[in-house]
Amino acid sequence: MDPMALEVVVPVVSGLIQGSVYGLLGLGLVLLYKSGKIFNFSQAEIGTFSAMTAAFADQGVGPFPDLPVPLALLVGLLTGLGLGLLIERVVVRPLFSAAKVTVVVATAGVLLLLVALGGFLSGPEPRSAVRILEGDFLTTSSLRVTDTGALVVVVLAVLAVASALFFSRTRTGTAIIAVSQEPTATRLVGISVERTSALTWGIAGLLGAIAGILLSGTVGVVFPGSLTFIALVPAFTAAVLGGVTALPGAFVGGVVVGMIESFAQTNIPKDVLPGSGKVVLFVALLVVLLVRPAGLLGKET
Amino acid sequence: MTAVDARATTPAEPAPAHKQGRDFGPIRWLPRILVLAVVAYIFLWRIPQDEGGAAAIAADACIYAIVGISLNILIGHTGQLSLGHNGFFGIGAFAAAYSLTVREVPFALTFVIAGVVGALFALVMGLVALRITGLYLALITLVFALTLEESLFEVEWLTNAGAGQPADRPEWLIADSNFFYFCLAFLVVAVYIDYRLLKTKTGRALLALKENERVAEAFGINVTAFKLIAFVISGTLAGVAGALLAYRIGLVTASGLGFNLALTFVLMTVVGGLGSRIGVILGASLFASLSFILEETWMHEVQQFLVGLLSFGSTSAEANLTQYAVGFLGALGLLLTIVQFPGGLGQQLRAFFDWTWGKPFDVHALLHPQDDGPGAVEGSSVRA
Amino acid sequence: MNPSRSRGLAVAVLASAVLTSACGLKPEVKDALAQNPGLAGGAGGGQVAVDTDGDGTVDSFTTDPGAAGGGTTDAGTAGGGTGTTGSGTSGSGSTGSGTSGSGTTGSGTTGGGTGTTGGGTASGPTMPVKGQGNTTGIDFASKTITVVVHGPLTGAGVPQESFRTGGPKYWEQSGPNNGPRLLWGEWKVKVVAVDDKYNAQDALRACNSAAKSAFAIFGGAGTDQIQACAQSQVLRRANVPYVSSGVTESGLGNLPNYFAGSLTYKQQSPLVIRAAKEKGYLNKKWAVVITGTPNFADARDSIAAELVKNGALGRSGKFNPDNDIILTEKAPRDCLTVGNQLRSGGYETVYFLGQPLFFGQCVNQYPTATYTGPGPSFGIQSVADLACRGGAGGFKGFYLHPSPDKATAQAAAKGAPTFTDDIEAGIWGGMQQLEQAFNLIKGPVNRESFISSLAAAGTPGGVLQPSVFGGKTRFGGTGAFLNQITCSGTNGVIKTVATYKK
């Protein structure tokens, strides 16, 4: 077997797919940071919860009828949207004037609450996730990329571009930026801060749901806390590495994080340095924050 | 508990109301002494009787409370959000277990080692905190702890990887009741350190740092030094608490020291009430014993009933869902605290504590805890 | 066995020499015994029954799942470990009230394996006696013995409710008329399941706290968890008998209170090779995917040695431990990297030992190989479901396991209610093993006598394979079942295709 394949190609491809998942979650994180200077710790769990309700609808569990896959996916997406709006109304809005770190701690509370609710509803056992695509996109002697894996990369690319356009080209997008920079002035010109905030969180929830459904699709199962466990911290790292102020940053950051992890895991044996992926990532994050705090693609402020 | 309540007499605090309420005759003191006696009886005598049960949980509560005080120094006093306290705690636990079991260091010395190692790691984080602030600092502490968990805590010579590093207690501490008193002694020391810290110039400097670093600097406060001091003291306490945990369980593994623990630490401190020493201790005790309360007491029936209502998609028996009930209540407590009662438990129960300390019972403070009276808990919300 | 010389020790033959495992015992027999105590018990005279063949060893293995082996009586007509195919598990059952009379019993005429005796190590009948030895976990008022089973009821493994239900299914529903199963005629056993959350620290916490309320502890699953409990200072000091499925041998060989009731991973390595030979996948490219923990070092080294010895292939040429062993994290997040490593190495057979959830992911990433390995403790069905649920339809595996598939277990567990899965069957079998161990005891029942009698002997098997400790080892497993895993849709199908002896 070609040694190159093992040491280079495999980490690159695995890293690309894994990194795209981080990027998808990171996109929602960047959106919320860009609009409200908030790190949302519940982002991944919104995804888990949405993937879970999609699975309920797919399998006809509890109050859900046994729906076909597209409708089940819709249920999942609506859950994400609803969660985003609910969190905004119940937790974020009352804390408008509070310190940002307080809001961050509150989102960590939301994370725990969602894990608990998911646990009550679904139980601790892993549940089969909704299977969107069944086939293999690419199979060679040394690599296998499933259709779901390929889909994740495509969806991330499309969403990253779309959201970048949204913020630069649409009225609503620019309004969100305006609110984040000058809430009072924005109010004066007739833009509702409340509505903008709700809109942002709704979109973030939707993005979380998309990430959750796709990621649980690649893993095959979903259980309370699964996405938080798998992807939350790498997604944060991706967002910060790429630059929390730039939406395509999440894309770049995610892919970089995925590849770094995969390279380290493949090439540094566990008995030499356990958790090598995490160590390399920590160092990378530290260096970026110390040297270029705005991230790879972010603007210095 | 006198050390805990010592803040009431702290001259640094404007507390005229306390002084007014001081001149009682013995009749007014009697009910207070009775209440304190009952509390002391329950906590110092009744609970330790339940060997292996409540006594062990009480030891946990003391350990968590030390972590709470440690975390409070950073978040409550200095305004640095650390999401990586499980890292300092864990490294202390491993350092103690390793030095005792592998290096055969005397028992007492393992606490010194745990404290020093915890302080060193915290110092590193403190250096990082000089450059990186606010949310980014929170993130970097989180990733730092996660890296420790997956890397250092899996290094075989130190931790036996998944198998865990044993830490057997010496003979005289085998009984859980003895171990509880042992932990309690550490807690008293931690409270005293925290109390002294706030009373001194350092404490005032830290509070100034928290309000506004630049202003503090302009007033001639050495931001660098005081930030590092706060990190080092906090890391030492967390490391020692980690050592206590190692002996409490008898085995340290990485899996018990994850992100969840970091969140629990932050949660209990915020729910307890940032800046309020007794609030933090209460919050920590509550979180340490929550699963015990929900599983082993009459609360179990209540919890089972509620869980039963919700668990439509689960094939598990309700008993398996207890762990989620703990998270649910913890998270709910946190959100309520942040959104509705930013002062936390410390402020909620303030009227009661003040009463036991000689002040008239302030019903108003109990019903409207958001009205910050004189001497209200400082630092009632986290600031970036 | 000590012939007991209890001077005129008052052991009244309880008129109804109640048989514990009356399972296979018809009521008439009970009545007969009741009317004729002499039939079962030792004669008066205070010379309590002596073990004639008396060794209490497991010389009497039969196909009877229940036979408890062990001693016979001096006088008892039956006894002698003749367990028939009847299902009476232990048929011991001496009782005696310790007041006046004499004698004892021994029984197990028809169904149950053996007679026991009133003899034994100390004096008096076989039953718990207050104040003799450590009888923690025994409630004398209600005549109930509490045992604890720990397993991952929640957590990152594959949490299973069946760890909770398997125990009560044995002690409360597998007795006569689906009622409770009694020890020594009248002692009930209460099983409490505790959650180890699939990590060693929580396991130790749970075991230590169980030490004050339980007589004995049974470890259902999880290497690190079992090792943590077995090595517990608290358990060791309190002499808590701790029986578990075989896992690692690291640090467990010389513990006074620990017993591995089935083959350890290391002991299973030659059997993994044997299965490969018989099923035709030995001469293929092998990868060993194993969690990098010292607890799996013995498994890792032994399988590598066996593979090299038997000429298995590796990525390039012969199997090479340096190239073909992939160490993984303890709690891996995904199997993308490992899956692609397997694929690029072109591996055909994967020896996999690691976290269940991770196994499911890897099988999904790389379903084309044959998966094999030593038995995880119980829980192969859920592991298989997990693998198949992800859509690895063509996946095939051969795993060794302490308990057979559900149907086989059901057939072996005569009189048991229907099992819901293999974990229930496995825990049921473990409880059967515990009962057999209880029935090895002669004389006062306490933690010390439980440990010493089990250490000297073994258990005759039933749902699980027999175990032999014989005073020499604590890894007493003698055999394992080879279970084939395939997928039927999203469900794993487990079928026992062979039974191996060590």
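Per chain, residue numbering runs from 1 following the sequence as it is written. Working convention: letters from A go to chains and numbers from 1 go to ligands, in the order in which they are written. Selection of residues for local features in this predicted model requires a pLDDT of at least 70, selection of side-chain atom pairs for listing and counting requires 80 or more, and totals for whole chains, interfaces and linings are taken over all residues.

Asker: Hey, could you go over the interface of chain C and chain B for me, with residue numbers and the actual values?
Answerer: The contact rule is simple: place each C-beta atom from the backbone, and if two of them lie within 7 Å, those residues are in contact. The interface of chain C with chain B comprises 29 residues on the first partner and 26 residues on the second. Helical segments are the DSSP runs of H or I of at least four residues, strand segments are the runs of E of at least two, and each set is numbered from the N terminus. If you tally residues by element for the side of chain C that touches chain B, the top one is helix α4 (residues 200-210) of chain C, at seven residues. Note on residue categories: nonpolar means Ala, Val, Leu, Ile, Met, Phe, Trp, Tyr, Cys or Pro, charged means Asp, Glu, Lys or Arg, and polar means any other residue, Gly included. Its residues assigned to classes, the side of chain C that touches chain B comprises eight nonpolar, 13 polar and eight charged.

Asker: I'd love a proper account of the interface of chain B and chain A, names of residues and values included.
Answerer: Chain B puts 46 residues into the contact, and the matching count from chain A is 43 residues. Residue assignment for the side of chain B that touches chain A shows that the elements contributing at least two residues are α6 (107-131), α7 (134-150), α13 (259-272), α15 (299-310) and α16 (322-339) of chain B. In terms of residue count, α7(B) provides more of the side of chain B that touches chain A than any other element does, twelve residues in total.

Asker: Please set out the packing of helix α5 (residues 147-169) of chain A against helix α10 (residues 247-267) of chain A residue by residue, giving values where relevant.
Answerer: All names here are of chain A. Viewed as axis vectors pointing N to C, α5 and α10 meet at an angle of 155°, and their least axial separation amounts to 7 Å. Our classification of the angle between α5 and α10 gives roughly antiparallel. Touching Leu156, Ala157, Ala160, Ser163, Ala164 and Phe167 of α5 are Leu247, Pro248, Ala250 and Phe251, all from α10. Only the stretch in contact is used when a helix axis is fitted, and all axes are lines through C-alpha atoms; the angle between N-to-C directions ranges over 0 to 180 degrees. Roughly parallel covers angles under 35 degrees, roughly antiparallel covers those over 145, roughly perpendicular covers 65 to 115, and oblique covers all other angles.

Asker: So, the nonpolar core: which residues are in play, and what are the values?
Answerer: One finds B:Ile66 and B:Ala96 to be the most contacted residues of the largest nonpolar core, which totals 343 residues. A domain-level breakdown of this core finds at least three residues from each of domain 1 (138-263 + 406-480) and domain 2 (266-405 + 481-501) of chain C. The contact partners of B:Ile66, leaving out residues within four places of it in the chain, are B:Phe186, B:Leu187, B:Ala190, B:Leu237, B:Val240 and B:Ala241. Think of a nonpolar core as buried Ala, Val, Leu, Ile, Met, Phe, Trp, Tyr and Cys residues chained together by C-beta atoms that fall within 7 Å. Neighbour counting defines burial: a residue surrounded by 20 or more other C-beta atoms within 10 Å of its own C-beta is buried, one with 12 or fewer is exposed, and intermediate counts give partly exposed, using backbone-placed C-beta atoms. Boundary definitions for the domains trace back to an automatic or database domain assignment.

Asker: Pulling in residues and values, what's your account of the domain arrangement of chain C?
Answerer: Residues and elements named next belong to chain C. Along its sequence, chain C is carved into domain 1 (138-263 + 406-480) and domain 2 (266-405 + 481-501). Inter-centroid distance (C-alpha atoms) of domain 1 to domain 2 is 27 Å. Opposite the 36 residues of domain 1 that make contact, domain 2 presents 36 residues. For the side of domain 1 that touches domain 2, the elements supplying multiple residues, two or more each, are α5 (223-230), α13 (406-412), α14 (422-438) and β14 (479-488). When residues in the side of domain 1 that touches domain 2 are grouped by element, the largest group, six residues, is from α14.

Asker: Give me the sheet that holds strand β9 (residues 349-353) of chain C: which residues, what numbers.
Answerer: All names here are of chain C. By this definition, two strands are paired if DSSP reports at least two bridges between them. Taking strand neighbours across the sheet as the criterion, the seven strands line up as β8-β7-β9-β10-β11-β14-β15 in an open arrangement whose pairing is mixed. The open sheet terminates on both sides in strands that have one partner only, identified here as β8 (325-328) and β15 (491-501). Taken over all neighbouring pairs, the strand axes of this sheet differ in orientation by 20° on average, direction set aside. Summarising the sheet, strand β11 (residues 396-401) and β14 pair through six bridges and their orientation is antiparallel. The partner of Phe398 across the bridge, within β14, is Gln484.

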